[in-house]
Amino acid sequence: MKALAAFLLLAVAVWAQEPTPRQRATSAINDLGRVLQQLLGEEMKQGGYAGAVKSCAENAQLVTEEFSRERGLELRRVSLKYRNLKDQPDEWETLNLKAWAKQMEAGQVAAPVEETVTENGRRFLRVMKPIAMQAVCLGCHGPASQITPEVKAALDAHYPRDKATGYKTGELRGAFSVLVALP
């Protein structure tokens, strides 16, 4: 009886430490954000903004996909003004991005959103967290008149259908979007 009680206490302790789907999503978003910022920071030290464009084109999508596999969820970055077709938002993401853009234009804070969906008989938690434009990002994403010819050439080479310029600091750049399977 004591062994069973000890086992149950241990099982409850382990279960209590298991992160919730929301915690998994939030942790993945935050961790991926740090990894991508670090990757771009290192590239900017070595190759400036043009190097960051090349690194982003060659590595950011791969890092995101690998990160998703390691975490056992679907994680991606989306934007209304995307550079990569993989970053094109779906209908739910588009609605949230448009709502956040209006909120941020009005000086309000855009908060993460979530919904529970059922697809093909499986339940998922969807979580989105907005990404605001930082000043350091304007070298690649700012107004066309402020992007250097070297960076413009790199953007044209890697993203011939680029839509991700013309931003100002503080505007909505896009979002992290996560899909976590529910038990």
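Placed above this text is the structure.
Residues numbered from 1 in each chain as written. Predicted model: local features only at pLDDT ≥ 70, side-chain atom pairs only at ≥ 80, totals over all residues. Heavy atoms only, no water.

**Q** Teacher, can you tell me more about the pattern of salt bridges here?
**A** What the rule picks out here adds up to twelve salt bridges. A salt bridge links D90 to R126; the nearest nitrogen and oxygen atoms lie 2.6 Å apart. Taken together, the residues D90 in the loop between β1 (74-78) and α3 (91-105) and R126 in strand β3 (residues 122-132) connect sequence positions 36 residues apart. Its relative accessible area of 31% is what places D90 among the partly exposed residues. Residues joined in a network through salt bridges with shared partners are R76, D90, E93, E115 and R126. (Salt bridge = Lys/Arg side-chain N within 4 Å of Asp/Glu carboxyl O. Helix = DSSP H or I, 4+ residues; strand = E, 2+ residues; numbered from the N terminus. Buried < 20%, exposed > 50% of the residue type's maximum accessible area, 1.4 Å probe, protein only.)

**Q** Mind showing me how you'd approach the layout of surface pockets here?
**A** In this approach the atoms are scanned with a rolling probe the size of a water molecule, which exposes any empty space left behind. Its boundaries defined by the atoms lining it, the largest pocket holds a volume of some 1,000 Å³. What lines the largest pocket is a set of 36 residues, and nearest its centre among them are Q37, L40, R77, I131 and C137. Of all the secondary-structure elements, those providing two or more residues to the lining of the largest pocket are α2 (21-71), β1, β3, α4 (138-141) and β4 (172-181). For the lining of the largest pocket, the leading source of residues is α2, giving 15 residues. Taken together, the residues of the lining of the largest pocket break down into 20 nonpolar, ten polar and six charged. Approximately 220 Å³ is the volume found for the second largest pocket. Surrounding the second largest pocket, 14 residues form its lining, A101, E105, Y167, E171 and L172 being those nearest its centre. (1 Å grid on protein atoms, 1.4 Å probe; cavity = no way out; pocket = protein on both sides within 12 Å on 5 of 7 lines; lining within 4 Å. Points joined across faces, edges and corners; volume = space filled by probe spheres on them. Nonpolar A, V, L, I, M, F, W, Y, C, P; charged D, E, K, R; others polar.)

**Q** Even after reading the chapter, I still don't get the side chain of S79, so can you show me in this structure?
**A** One can find S79 in the loop between β1 and α3. Owing to a relative accessible area of 4%, S79 belongs among the buried residues under this scheme. Reaching out from S79, the side chain makes a polar contact with the backbone oxygen of R173 at a distance of 2.7 Å. Beyond its immediate sequence surroundings of up to four residues, S79 is in contact with D87, P89, L97, Y167, R173 and G174. (Polar contact = N/O pair within 3.5 Å; in protein donor to acceptor, adjacent residues only side chain to side chain. Contact = heavy atoms within 4.5 Å.)

**Q** Explain helix α5 (residues 149-158) here, please?
**A** Residues spaced three or four apart along an α-helix face the same direction, because each turn holds 3.6 residues. Within α5 the residues assigned to the buried category are V151, A154 and L155. One side of α5 carries all its buried residues, which in axial view fall inside an arc of 100°. Exposed positions of α5 whose direction lies more than 90 degrees from the buried face are P149, E150 and A157. Here the buried face of α5 lies against α2 and α4. (Arc of directions from axis to C-beta.)

**Q** Teacher, can you tell me more about the nonpolar core here?
**A** If you look at soluble globular proteins, the nonpolar side chains tend to sit buried side by side. One finds I29, L32, L36, L73, L75, F176 and V178 to be the most contacted residues of the largest nonpolar core, which totals 15 residues. For this core, the element with the highest residue contribution is α2, accounting for eight residues. In contact with F176, not counting residues within four places along its chain, are I29, L32, G33, L36, L75, R76, R77, V127, M128, K129 and I131. Of all hydrophobic cores here, the second largest spans nine residues; its members include W100, A110, M128 and A175. (Core = buried A, V, L, I, M, F, W, Y, C linked by side-chain atoms within 4.5 Å.)

**Q** Help me understand α3 in this model?
**A** Along its 15 residues, α3 runs 21 Å from first to last C-alpha, staying within 8% of the 21 Å computed at 1.5 Å per residue. The inward-facing, buried residues of α3 abut β1, β2 (113-119), β3 and β4. Residue G107 follows α3 closely and has a positive phi angle near 80°. (Expected span 1.5 Å × (residues − 1).)

**Q** Can you walk me through the sheet that holds β3 in this structure?
**A** Strand order in the open sheet made by the four strands is β1-β4-β3-β2, with antiparallel pairing throughout. Each end of this open sheet is capped by a strand with a single partner; those strands are β1 and β2. On average, each strand axis in the sheet is tilted by 20° relative to the strand beside it, whichever way the strands run. By the bridge criterion, five bridges tie β1 to β4 in an arrangement that is antiparallel. Counted as the bridge partner of R77 is F176 from β4. Across the face of the sheet, α3 comes into contact with β1, β2, β3 and β4 while running at roughly 30° to β3. (Pairing = 2+ DSSP bridges. Axes fitted to C-alpha atoms, helices over the stretch in contact; angles between N-to-C directions.)

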